[in-house]
Amino acid sequence: QVQLVESGGGLVQAGGSLRLSCTCSDTFTIYYMGWFRQAPGKEREFVGTIKRNNGITYYGDSVKGRFTISKDNTADTIYLQMNSLKPEDTAVYYCAASPVWAISPASTSDYYYWGQGTQVTVSS
């Protein structure tokens, strides 16, 4: 069974940086791993995703140029490096994994597996 475990959330001041990690227990059927976030009272928002076999990445407009997704050599663990953080980045960040080859990167329905979420709070 595919399980995703996230780590690295916390409290940071505006302008600071954080790095989140996500490890997948069984990547045999997984093509993409990515990140979504959800702030209180808002819909879940696409942050970015990475294709495991070649490292191609896609990002949401609100984080382009500030956030970077990378993977380790095995591609079982991905990272979300968040720089120049803003208070509006405050949310629960969820790792997600997709077995869909022709993915719509920002579509939550293409991600079958989800982590438990990790809180990121950016103070002004």
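Summarised in this report is the structure supplied together with it. Keep in mind it's a predicted model, so treat the numbers as computed, not measured. Residue indices begin from 1 for each chain and proceed along its sequence in written order. The model is predicted, so local features are restricted to residues of pLDDT at least 70 and side-chain atom pairs to those at 80 or more, both for listing and for counting; the totals for chains, interfaces and linings are taken over all residues. Note that the side-chain values use all heavy atoms of the structure and ignore hydrogens as well as water.

**Concerning the overall build of the chain**
We count a stretch as a helix when DSSP gives it H or I for four or more residues in a row; a strand needs E for two or more, and each element gets its number in order from the N terminus. A count of helices and strands for the chain gives zero helices and 11 strands. Reading the secondary structure of the chain in the N-to-C direction produces β-β-β-β-β-β-β-β-β-β-β. C-alpha atoms define the radius of gyration, and 2.2 Å times the number of residues to the power 0.38 defines the globule rule. Scaling as 2.2 N^0.38, a compact globule of 124 residues should have a C-alpha radius of gyration of about 14 Å, and the chain matches this with 13 Å. Principal-axis analysis of the C-alpha atoms places the extent of the chain at approximately 40 × 30 × 25 Å. Two residues qualify as a contact provided that any one of their heavy atoms is within 4.5 Å of a heavy atom in the partner residue. A sequence separation of at least 24 residues applies to 56% of the contacts in the chain between residues at least 6 apart. Charged residues are defined here as Lys and Arg on the positive side and Asp and Glu on the negative side; His and the ends of the chain fall outside this count. By convention, charge coordinates are those of NZ in Lys, CZ in Arg, CG in Asp, or CD in Glu. Between the mean site of the 10 positive side-chain charges and the mean site of the 10 negative ones, the chain shows a separation of 5 Å.

**Some details on unusual backbone geometry**
Despite not being glycine, A75 shows a phi value in the positive range, around 65°. Following the sequence through the fold, A75 ends up in the loop between strand 7 (67-71) and strand 8 (77-82). By relative accessible area, A75 is classed as buried at 4%. With phi around 50°, S84 is a residue other than glycine that occupies positive phi space. Looking at where S84 falls in the secondary structure, it is placed in the loop between strand 8 and strand 9 (91-98). Three labels apply to residues, based on accessible area from a 1.4 Å probe with only protein chains included: buried if under 20% of the type maximum, exposed if over 50%, partly exposed otherwise in between.

**Description of the state of the cysteines**
Cysteine sulfur atoms are paired as a disulfide whenever they come within 2.5 Å of each other. Taken as a whole and judged by the stated rule, the model has one disulfide. Across the disulfide, C22 is cross-linked to C95 (sulfur-sulfur distance 2.0 Å). With the S-S dihedral at roughly -80°, the linkage between C22 and C95 falls on the left-handed side. Here C22, found in strand 3 (residues 18-24), pairs with C95, found in strand 9; they are 73 residues apart in sequence, far enough to count as distant. Take C22: its relative accessible area is 0%, and that puts it in the buried class.

**Describing the environment of C95**
With relative accessibility at 0%, the residue C95 sits in the buried group. Taking the C-alpha atoms as reference points, C95 and R19, separated by 76 residues in sequence, lie 13 Å from one another. Setting aside residues up to four positions removed in sequence, C95 forms contacts with L4, E6, C22, M33, G34, W35, I78, Y113, W114 and G115.

**Focus on the pattern of salt bridges**
For salt bridges, the criterion is a side-chain nitrogen of Lys or Arg within 4 Å of an Asp or Glu carboxyl oxygen. Evaluation of the coordinates by the stated rule reveals five salt bridges. The shortest N-O distance in the salt bridge between K64 and D61 comes to 3.2 Å. The pair formed by K64 and D61 is uniform in burial state, with each residue classed as exposed. Across the pair D89 and R66 runs a salt bridge, and its minimum N-O distance is 2.8 Å. Pair noted here: D89 is in the loop between strand 8 and strand 9 and R66 is in the loop between strand 6 (57-59) and strand 7, with a separation of 23 residues, a long-range link.

**Points about the sheet that holds strand 3**
Strand order in this open sheet of four strands is 1-3-8-7, and the pairing throughout is antiparallel. Of all strands in the sheet, those with a lone pairing partner are strand 1 (4-7) and strand 7, marking the two edges. Along the sheet, successive strands turn relative to each other by an average axial angle of 15°, direction set aside. Two strands qualify as a pair provided that DSSP identifies no fewer than 2 bridges between them. As paired strands, strand 7 and strand 8 are joined by five bridges and run antiparallel to one another. Pairing of K71 across the sheet is with I78, part of strand 8. Note on geometry: axes are C-alpha line fits, over the in-contact stretch for helices, and angles between N-to-C directions span 0 to 180 degrees.

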